[in-house]
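Given next are the chains, with one letter for each unit.
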Amino acid sequence: MNHSLEIKELKKSFQDFKAVDGVDFYVEEGKFFSILGPSGCGKTTLLRMIAGFLEPTSGSIKIRGDEMIGISPNKRPVNLVFQNLALFPMMDVGENIAFGLKRQNCSKSEIEEKVKNILEKVHLGGYERKNVSDLSGGQKQRVAIARSLVLEPSILLLDEPLGALDLKLREQMKIELKKLQHEFGTTFIYITHDQSEALVMSDKVAVMNNGKFEQIDTPENLYANPKTSFVASFVGETNIFEARLNEDRKSVLTKEGMNFKVFLVDEKIQTFCKLFIRPEAVVLLVDDGMEDMNYFDLTIKTILFDGSNTKVLANVDKSDHEIMVSLPQNRRFAHIKEGEVVRAGVHVSDCKCYE
Amino acid sequence: MNKHTKFGFYIFFIPVFLWLFLLIVLPHIELLFMSLKYENDMGEMVWSLQNYKEFFSEEIYWLTFLRVALYAILVTFLTFVVTFPIAFYITKVVSPKYKGFLIILLLMPFWVSELVRVYGWMILLRESGVINYFLVSLHILDKPIEMLYNDVSMIMGLVYTSMLFMVVPLISSLDGMDDSYIEAAHDLGASKFIIFFKIVIPYTAPGIVSGSIVVFMLTLGNYLTPNLMGGKNSLWFTEQIYNQFIASFNWNQGAAFGFLLLLLSSLIIWIGLKLTKQNLAKALS
């Protein structure tokens, strides 16, 4: 397998603070790879080391097999799309895109040709002489990406470029970015704190916390089979119960006094653990009696209507522990009212226990 | 506009108008008339362009002006070269903690008058001055040399006097430049040299232009520093004007020189703006 990027034992400390604490991963050629983590987890530091703006404390960075440590950013075959895009305000769109090509000593006609082609590819044909300040947020985004992609880098790094856009545009750009990546076939490394961006666009996602990778997996697996409690709580919505493990190691007793048959993700759990249940794993209005289901009563408190993403807030059994349950919009549950008590069930495999 | 806002408008407008009109426009009109009058052979004052003709026909006048204009351009350039690294260091290199302190340090010498500062330089540079004393006592020189009263020391003095007016606009325009522009250019393959000339200079161009205009005008119109630090050969055009008014008591000729200074320096700035493709309104905003 051809690896676009290979990182081994990469570490970066600032005085006593370990920003990146031993990261190992590789990215296959032409994939969309995301690094997802809360702010301050070290993802920007990691990205800046790949781009060459920071020297790692130790470890190795290989791009297409070549060691990159000690090589300055202007000599690396990677390009970075900045968070604020950093389009040069004193140049027009064409000059912005031509900036990198001029540094490679391309001929004038070649530059013109390439600029024209790349602008057409990002659906901005004929925008060469436009002023950067006259573009909309989404257009600026595409110019910034075109400016980097025109250099045909081995890897394109993106530092939360959608952060400054409004919600609607962000949704559009997610799809657009994914399409662009497909068309160009360039390896994209995208860092974000927004799990939906990472899940929608990526072939693979690495979840980062405290300078370490918690899990590297496909978005589907990350969501369905999180390996650690951090991943389970950070990726997607989830309900968390504090619990203690029973003697049989197959069920737990929650703080609210309910017994759940569970699936132990972490085999090392001693007594106390956390039980994670996704909102959509809870099935409403079920009949009792199935072997591997957990049953409980839910007192509906509030219905949070949000179209296809409607949820209810409900209390479990008689306790005041609130959980979130997804409400499918097929009108089957349209009669459910606030204050009603309904029977609900969860399959054992959806009750995951973590340290 | 209703009555209230009209009243408010006049309250603020009238003092400004009176100030400008009575103290600036009116005397200038008087000077303009004066410059256009010439005493003919009969001893009568008549309308004439003779005072202006004098400037172009008498070599010493226009040569002085030319020399002063070239020196002013040189001083402006040198001031830029000296202050740009300082401004860059303060805004981009040093930790923001010390930024305010360093700017205060820069401003401090300008809290005393130009005259005092020039005398300070004279104490340092003159034959019996501080620098000569040290050079002689360290046996680098056999006997003290005169460092004052030549063009080099005068230009140094002018650059020193002008620094503040260049460094402040430079700091403010460098401050407005996001570091990511420099990083983005570096990432796109530019060397430090290219980044400086293609990104930093064009971005800070408005600041450079406004600083340069101020420094150029102040240098051209300076009287004190060339007079005190310059030698016998460093005649400044302002001294010519002074001589006409005070020494020869030829106010008409002095007024004409004053207007020529105004017109020619404006012309030089206009040419400078055209050559660098800069916009005055943008530079001063």
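Note on numbering: residues in each chain are counted from 1, in written sequence order. In the order they appear in the text, chains get letters beginning with A and ligands get numbers beginning with 1. Note on the predicted model: pLDDT of at least 70 is required for a residue's local features to be given, and 80 or more for side-chain atom pairs to be given and counted; whole-chain, interface and lining totals, by contrast, use all residues.

A description of the overall build of chain B should follow, citing residues and the corresponding values.
Of the regular secondary structure elements, chain B holds 13 helices and two strands. Radius of gyration: over C-alpha atoms. The globule rule applied is 2.2 Å multiplied by the number of residues raised to the 0.38 power. Taking 2.2 N^0.38 as the reference for a compact globule, 285 residues should give roughly 19 Å; the C-alpha atoms of chain B span a radius of gyration of 24 Å, well beyond that estimate. With respect to the principal axes defined by its C-alpha atoms, chain B has extents near 75 × 75 × 35 Å. Buried means a residue has 20 or more other C-beta atoms within 10 Å of its own C-beta, exposed means 12 or fewer, and partly exposed covers the counts in between; C-beta atoms are placed from the backbone. Among the 285 residues that make up chain B, the fraction classed as buried is 29%. Across chain B, every contact between residues at least 6 apart in sequence was considered, and the portion connecting residues at least 24 apart equals 67%. For helices the rule is a DSSP run of H or I covering at least 4 residues; for strands it is a run of E covering at least 2, with both sets numbered from the N terminus onward. Distance between backbone-placed C-beta atoms decides contact: two residues are in contact if it is within 7 Å.

Tell me about the overall build of chain A, and please be specific about residues and values.
Counting secondary structure elements, chain A contains eight helices and 21 strands. If one aligns the C-alpha atoms of chain A with their principal axes, the spans along those axes are about 75 × 45 × 35 Å. A separation threshold of at least 6 residues defines the contact pool for chain A, and within that pool the share at least 24 residues apart is 65%.

Lay out the pairing of strand β9 (residues 204-209) of chain A in plain terms, naming residues and giving numbers.
All names here are of chain A. In this sheet, β9 lies alongside strand β3 (residues 32-36) in parallel orientation, the contact comprising four bridges. Across the sheet, serine 34 pairs through a bridge with valine 205, a residue of β9. Pairing of β9 with strand β10 (residues 212-217) involves five bridges; the strand directions are antiparallel. The residue of β10 that forms the bridge with methionine 208 is phenylalanine 213. At least two DSSP bridges between two strands are needed for those strands to be called paired. The turn linking β9 back onto β10 is made up of two residues, and asparagine 210 within it adopts a positive phi angle of 50°.

How would you explain the nonpolar core if you had to name every residue and give the values?
Working definition: the nonpolar core is a set of buried Ala, Val, Leu, Ile, Met, Phe, Trp, Tyr and Cys residues, joined through C-beta atoms within 7 Å. By size, the foremost hydrophobic cluster in this structure holds 101 residues, and its most contacted members are Ile50, Val81, Ala146, Leu157, Ile189, Val207 and Leu275 of chain A. Setting aside residues no more than four positions away along its own chain, isoleucine 189 of chain A makes contact with Val27, Phe33, Ile35, Ile50, Ile155 and Leu157 of chain A. Counting 39 residues, the second largest nonpolar core, distinct from the first, contains Trp121, Phe165, Val167 and Val209 of chain B.

Can you break down the sheet that holds strand β4 (residues 58-63) of chain A residue by residue, with the values?
Residues and elements named next belong to chain A. If you walk across this open sheet you meet the four strands as β2-β1-β4-β5, and the pairing is antiparallel. Here the strands that pair on one side only, and so sit at the sheet edges, are β2 (17-28) and β5 (66-67). Judged from the five bridges that link them, strand β1 (residues 3-14) and β4 form a sheet pairing that is antiparallel. Within β4, the residue paired with leucine 5 across the bridge is isoleucine 63.

Quick rundown of the environment of serine 57 of chain B? Include the residues and the values.
Residues and elements named next belong to chain B. Structurally, the position occupied by serine 57 is in helix α2 (residues 50-57). Among the residues examined, serine 57 registers 10 C-beta atoms within 10 Å and is labelled exposed. Linking serine 57 and serine 162, residues 105 residues apart in sequence, is a C-alpha distance of 33 Å.

How would you summarise the domain arrangement of chain A if you had to cite specific residues and measurements?
Boundary definitions for the domains trace back to an automatic or database domain assignment. According to the domain assignment, chain A consists of domain 1 (3-231) and domain 2 (237-354). One C-alpha centre belongs to domain 1 of chain A, the other to domain 2 of chain A; they are set 39 Å apart.

Summarise the sheet that holds strand β15 (residues 272-277) of chain A; cite the residues concerned and give the values.
Residues and elements named next belong to chain A. Read across the open sheet, the six strands follow the order β13-β12-β11-β15-β21-β14; overall the sheet is mixed. Here the strands that pair on one side only, and so sit at the sheet edges, are β13 (259-261) and β14 (263-264). In terms of strand pairing, strand β11 (residues 239-245) meets β15 through six bridges, oriented antiparallel. Looking at the pairing, glutamate 242 lines up with lysine 274 of β15.

Account for unusual backbone geometry, with residues named and values stated.
Look at alanine 86 of chain A: it is not a glycine, yet its phi comes out positive at around 55°. Within the secondary structure layout, alanine 86 of chain A lies in the loop between β6 (78-81) and α2 (93-103). Alanine 86 of chain A sits in the buried class, given 22 other C-beta atoms within 10 Å. Positive phi, close to 60°, is recorded for tyrosine 149 of chain B, a residue that is not glycine.

So what about the pairing of β15 of chain A? Which residues, and what values?
Bridge analysis of β15 of chain A against strand β21 (residues 352-354) of chain A gives three bridges, and the strand direction is antiparallel. Across the sheet, residue lysine 274 of chain A finds its bridge partner in β21 of chain A, namely tyrosine 354 of chain A.

Tell me what's going on with the interface of chain B and chain A, and back it up with residues and numbers.
Each side of the interface is counted separately: chain B has 15 residues, and chain A has 16 residues. Mapped onto the side of chain B that touches chain A, the elements with two or more residues apiece are α8 (179-187) and α9 (192-220) of chain B. Among the elements that make up the side of chain B that touches chain A, the one with the highest residue count is α8 of chain B (six residues). In this classification, Asp, Glu, Lys and Arg are treated as charged, Ala, Val, Leu, Ile, Met, Phe, Trp, Tyr, Cys and Pro as nonpolar, and every other residue, Gly included, as polar. When the residues that make up the side of chain B that touches chain A are grouped by side-chain class, the tally is eight nonpolar, four polar and three charged.

How would you sum up helix α5 (residues 167-184) of chain A? Please name residues and give values.
Two residues of an α-helix separated by three or four positions point the same way, owing to the 3.6 residues in each turn. Residues and elements named next belong to chain A. Helices are assigned an expected span. That span is 1.5 Å times one less than the residue count. The terminal C-alpha atoms of α5 lie 26 Å apart, and with 18 residues this matches the ideal 26 Å at 1.5 Å per residue to within 8%. Within α5, burial applies to Met173, Leu177, Leu180 and Gln181. Along α5, the residues classed as buried sweep out an arc of 95° about the axis, all on the same side. Away from its buried face, by an angle of more than 90 degrees, α5 presents the exposed residues Lys168, Ile175, Lys179, His182 and Glu183. Phi for glycine 185, located one or two positions after α5, is positive at around 70°. Working note: the arc is built from the helix axis to C-beta atom directions.

Describe helix α4 (residues 137-149) of chain A, listing the residues and the values that go with them.
Residues and elements named next belong to chain A. A rise of 1.5 Å per residue sets the reference length of α4, with its 13 residues, at 18 Å; its end C-alpha atoms lie 18 Å apart and thus fit the reference within 8%. In terms of residue burial, α4 counts as a mostly covered element, since ten of its 13 residues are buried. Among all positions of α4, only Lys140, Gln141, Arg142, Val143, Ala144, Ile145, Ala146, Arg147, Ser148 and Leu149 are buried. Against β6, α2, α3 (108-121), β7 (155-159) and α5 lie the buried residues of α4.

Just give me the short version of the packing of helix α5 (residues 114-125) of chain B against helix α7 (residues 151-175) of chain B, but keep the residues and values in it.
Residues and elements named next belong to chain B. Between N-to-C directions, angles span 0 to 180 degrees; the directions come from axes that are lines fitted to C-alpha atoms, helices contributing only their stretch in contact. Contact geometry of α5 with α7 gives a least axis separation of 11 Å together with a crossing angle of 140°. Between α5 and α7, the angle falls in the class oblique. Taken as a pair, α5 and α7 cross one another with a handedness that is right-handed. Contacts between α5 and α7 involve Glu114, Arg117, Val118, Trp121 and Leu125 from the former and Ser153, Gly157 and Thr161 from the latter. Partitioning the contact of α5 with α7 into residue classes produces three nonpolar, three polar and two charged. An angle counts as roughly parallel when it lies under 35 degrees, as roughly antiparallel when it exceeds 145, as roughly perpendicular when it falls between 65 and 115, and as oblique in every other case. Rotating anticlockwise by less than a right angle from the far helix to the near helix defines a left-handed crossing, while the corresponding clockwise rotation defines a right-handed one.

So what about the packing of α2 of chain A against α3 of chain A? Which residues, and what values?
Residue and element names in this part refer to chain A. Running from amino to carboxyl end, α2 crosses α3 at an angle of 125°, the nearest separation of the two axes being 10 Å. Judged on the interaxial angle alone, α3 and α2 are oblique. As α2 packs across α3, the resulting crossing turns out to be right-handed. Note on element contacts: α3 touches α2 through Ile111, Lys114, Val115 and Ile118, opposite Gly94, Ile97, Ala98, Leu101 and Lys102.

Could you give an account of the environment of leucine 107 of chain B, with specific residues and numbers?
Within the secondary structure, leucine 107 of chain B is located in helix α4 (residues 96-107). For leucine 107 of chain B and leucine 164 of chain B, which are 57 residues apart along the polypeptide, the C-alpha to C-alpha distance reads 7.0 Å.

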